[in-house]
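The residues making up each chain are set out below.
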Amino acid sequence: MLFALVVLPATTQANAAHQPAGEAATAQPIFAEGKGPLAGGVLVASGCIIAWMLLARSGAAMRLRRIPALDAVTNAVGRSTEMGRPVLFIAGIQDMDNIQTVAGITILSHVAKTTAEYDARIEVPTSRSLVMEAAREAVRGSYQAAGRFDGYNADAIRYITDEQFGFVASVSGQMVRERPAACFYMGCFFAESLILAETGNSIGAIQIAGTAESSQLPFFVAACDYTLIGEEFMAASAYLSGAPDQIASLKGQDAGKVIVGALVCVGVLLATLAALNPSSTTLQNLVNHLRGMLGS
Amino acid sequence: MIRLVAIIIASTAGLLMLLSPFLPALTSAGAQSSEIFNVIAAIAFILGAGSLVKVNLSRVGRRDAGWGYALVTLVCFAVTLVVGLGKVGVPPNPQFAATPWAGEKDAAGSAFWWIYEFVLTPITSTMFALLAFYVASAAFRAFRAKNREAMLLLGTAFIVLLGRTFAGVWLTSGFPEWASGLRLENLSMFIMQVFNTAGNRAIIIGIALGVTATSLRILLGIDRSWMGVGGGGE
């Protein structure tokens, strides 16, 4: 018996095909209703970032404050080399459709380049098959770039399990047995963050963590030597690359923060004035309109 | 060339996902690219399983440290795979009684269900329960009053923790109405709603802008380090 692979149209498209042209046109607007403020925010933030990138290309000097956690990467890898122990890198427990995992993989590239240069051993256990493939590609590229392709070991980047606590049990066991001298936790973590960080602490490893999960940040701060908090984690790849284009994107991000700060101040001022003048319908309507726009 | 193709695919899919919430015409295309991701992830699982078997087999073969755990992993993997694919002990599906293997693999009473309920769930719960001890040891270190900042943290944590217990409410219940703001439960709520929320929001705004910048760098092909440093991005 033969099986054939047949591509069927998506349900919405199939329904649209049976509708008269005029009806379909009225049913589907060009722009999604109620998404204007969000689109505006995305455009302003993206505009700031692109403007700074263009500025960097025109030759403007870009300066960035030091981030101690990222400066410590080289020291941590150097310590592993001296002690003859591996470097452990965990890119979170989510798949490649999570931006934190992508950010973790970009940092892995830089760490892998340093391990290649120092001839240190890197271990990358992953909890998703796709992350394993992406991590292998990133590490392979970094070893090639460092001219140390002979040091690349694909089996050091391996899949464990999708199961959250199964993964953490396996990695904790590996940490206790192999006693890595440096542990990097860069990505999306949940309850397992503290188990990993405390195990790393108990074996005396230098630990550098980074995540955008605000609920896990206190655990990393308590148990790790260095922690990249939220935006620092997202900025890590650009910081480590040192490329003007990428550093400019961080400047654009700062400009976005100034705009958001200014908008917050205006909002606070308007809300305070509205609370002080309950009889002013103009103010009340304006504040209510703004609240509606923001969905609060 | 392969890297260029990868960048084009990543940028196209990323832009599609970015625009699909705003442009209804692209909604179905965005959903389809999510479906494609799921298909690729499912295919990649074969590679993951292959890596799991290969690495653990070689560990057992070399008698590395912890090779016994590798053996347990291999045995459990094989048993679960056979039980799941073979639908061992699956009760028949009443709708298709004449068709063998028509029942759900994880239907109550099946071997797969039994493994999930009586092996995986207790092990997972045990790991989660261990977290309480890790929290205690981390809190002990974090709350050590070694400098001014640590003392401030310790004091705040003391108020918040005590304010959320019966003892905290009872201790300050005698405060008069005009000083009700100083009751531990109210102080705790004030700290959480004002200081904690303000700090959290600042972090979240920073993260949102960071996500935008990271996404743009990847979509525009400026940051290519996800393919390895030296992938043309540096």
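Residues numbered from 1 in each chain as written. Chains lettered and ligands numbered in written order. Predicted model: local features only at pLDDT ≥ 70, side-chain atom pairs only at ≥ 80, totals over all residues. Heavy atoms only, no water.

### A few points about the interface of chain A and chain B
Rules: Contact definition: two residues touch when any of their heavy atoms are within 4.5 Å. Using a 1.4 Å probe, buried area is obtained as the accessible area two parts lose upon being combined, added over both of them. The salt bridge definition used is simple: a Lys or Arg side-chain nitrogen within 4 Å of an Asp or Glu carboxyl oxygen. The definition of a polar contact used here is a pair of N or O atoms within 3.5 Å, where within protein one atom must be able to donate a hydrogen and the other to accept one, and adjacent residues in sequence count solely through side-chain atom pairs. Put simply, DSSP H or I for four residues or longer makes a helix, DSSP E for two residues or longer makes a strand, and each gets a number counted from the N terminus.
Contacts between the two partners involve 77 residues from chain A and, on the opposite side, 61 residues from chain B. In total, chain A and chain B occlude about 5,500 Å² of area from one another, counting both sides; carbon and sulfur atoms represent 70% of this. Along the contact surface separating chain A from chain B lie two salt bridges. Between Lys54(B) and Asp155(A) there is a salt bridge whose closest N-O contact spans 3.2 Å. Taken together, chain A and chain B are joined by 12 residue pairs in polar contact (both at pLDDT 80 or more). Among the elements that make up the side of chain A that touches chain B, the one with the highest residue count is helix H6 (residues 129–145) of chain A (12 residues).

### Comments concerning the sheet that holds strand S1 (residues 87–90) of chain A
Residue and element names in this part refer to chain A. Condition: Only strands joined by at least two bridges in the DSSP assignment are considered to pair. Here, axes are lines fitted to C-alpha atoms. For helices the fit covers the stretch in contact, and angles between N-to-C directions go from 0 to 180 degrees.
In spatial order, the strands read S3-S2-S1-S4-S5-S6; together these six strands make up an open sheet with parallel pairing. Both edges of this open sheet fall to strand S3 (157–159) and strand S6 (226–229), since each of them pairs with a single strand only. Across the sheet, the mean angle from the axis of one strand to that of its neighbour is 15°, orientation sign disregarded. For S1 and strand S2 (residues 122–126), the ladder comprises two bridges, and the chain directions are parallel. Looking at S2, one finds that Leu 88 is bridged to Glu 123.

### Comments concerning the domain arrangement of chain B
Residue and element names in this part refer to chain B. Applicable threshold: Domain delimitation follows an automatic or database domain assignment. Under the convention adopted here, Pro, Cys and the residues Ala, Val, Leu, Ile, Met, Phe, Trp and Tyr are nonpolar, Asp, Glu, Lys and Arg are charged, and Gly plus all remaining residues are polar.
Here chain B is described as being made up of domain 1 (1–66), domain 2 (86–140) and domain 3 (143–234). Computed over C-alpha atoms, the centres of domain 1 and domain 3 are 33 Å apart. In this assembly, domain 1 packs against domain 3 so that about 620 Å² is buried in total across both faces, 74% of it on carbon and sulfur atoms. Summed over the three residues of domain 1 that lose the most area to domain 3, namely Arg 3, Ile 7 and Ser 11, the buried surface amounts to 67% of that side. In this assembly, domain 1 and domain 3 are joined by zero salt bridges. Split into classes, the residues belonging to the side of domain 1 that touches domain 3 amount to five nonpolar, two polar and one charged.

### Concerning unusual backbone geometry
Note the following rule: To sort residues, take the accessible area from a 1.4 Å probe on protein chains only and compare it with the maximum for the residue type: under 20% means buried, over 50% means exposed, and anything in between is partly exposed.
If you check the backbone angles, Asp119(A) has positive phi at about 60° while not being a glycine. Relative to the assigned elements, Asp119(A) resides in the loop between helix H5 (99–118) and S2. Its identity is not glycine, yet Arg63(B) carries a phi of approximately 55°, on the positive side. Residue Arg63(B) is classed as exposed on the basis of its relative accessible area, which comes to 52%.

### Observations concerning a nonpolar patch on the surface
Counted only if it meets this: Patch building starts from residues that exceed 30% relative accessible area and form no salt bridge, then joins like charges within 9 Å and nonpolar side chains (Val, Leu, Ile, Met, Phe, Trp, Tyr) within 5 Å. The Shrake-Rupley method, run with a 1.4 Å probe sphere, supplies the accessible areas, and residue values consider only the shown protein chains as cover.
A grouping of Met1(B), Leu4(B), Val5(B), Ile8(B) and Ile9(B) is seen on the molecular surface, where their side chains present a nonpolar patch of about 540 Å² in accessible area. Positionally, Ile8(B) belongs in helix H1 (residues 2–19).

### As for the pattern of salt bridges
Counted under the stated rule, the structure contains 16 salt bridges over all chains. We note a salt bridge from Arg136(A) to Glu133(A), for which the minimum N-O separation is 3.9 Å. Within this pair, Arg136(A) and its partner Glu133(A) are both found in helix H6, separated by three residues, close to a single helical turn. The exposure class of Arg136(A) is buried, given its relative accessible area of 13%. Residue Glu198(A) is joined to Arg141(B) by a salt bridge in which the shortest nitrogen-to-oxygen separation is 2.3 Å. With Glu198(A) in helix H8 (residues 192–202) and Arg141(B) in helix H4 (residues 111–142), this pair bridges two chains. Each member of the salt-bridge network shares a partner with another, and the members are Asp119(A), Arg148(A) and Asp150(A).

### Regarding H5(A)
Residues and elements named next belong to chain A. For the record, the criterion: One less than the residue count of a helix, multiplied by 1.5 Å, gives the span that helix is expected to have.
Compared with the 28 Å implied by 1.5 Å per residue over 20 residues, the 29 Å span of H5 between its first and last C-alpha is a close match. The buried fraction of H5 is high, at 16 of 20 residues. The N-terminus of H5 is capped by Asn 98, whose side-chain oxygen sits 2.8 Å from the backbone nitrogen of Gln 100. One or two steps after H5, the chain reaches Asp 119, where phi turns positive at roughly 60°.

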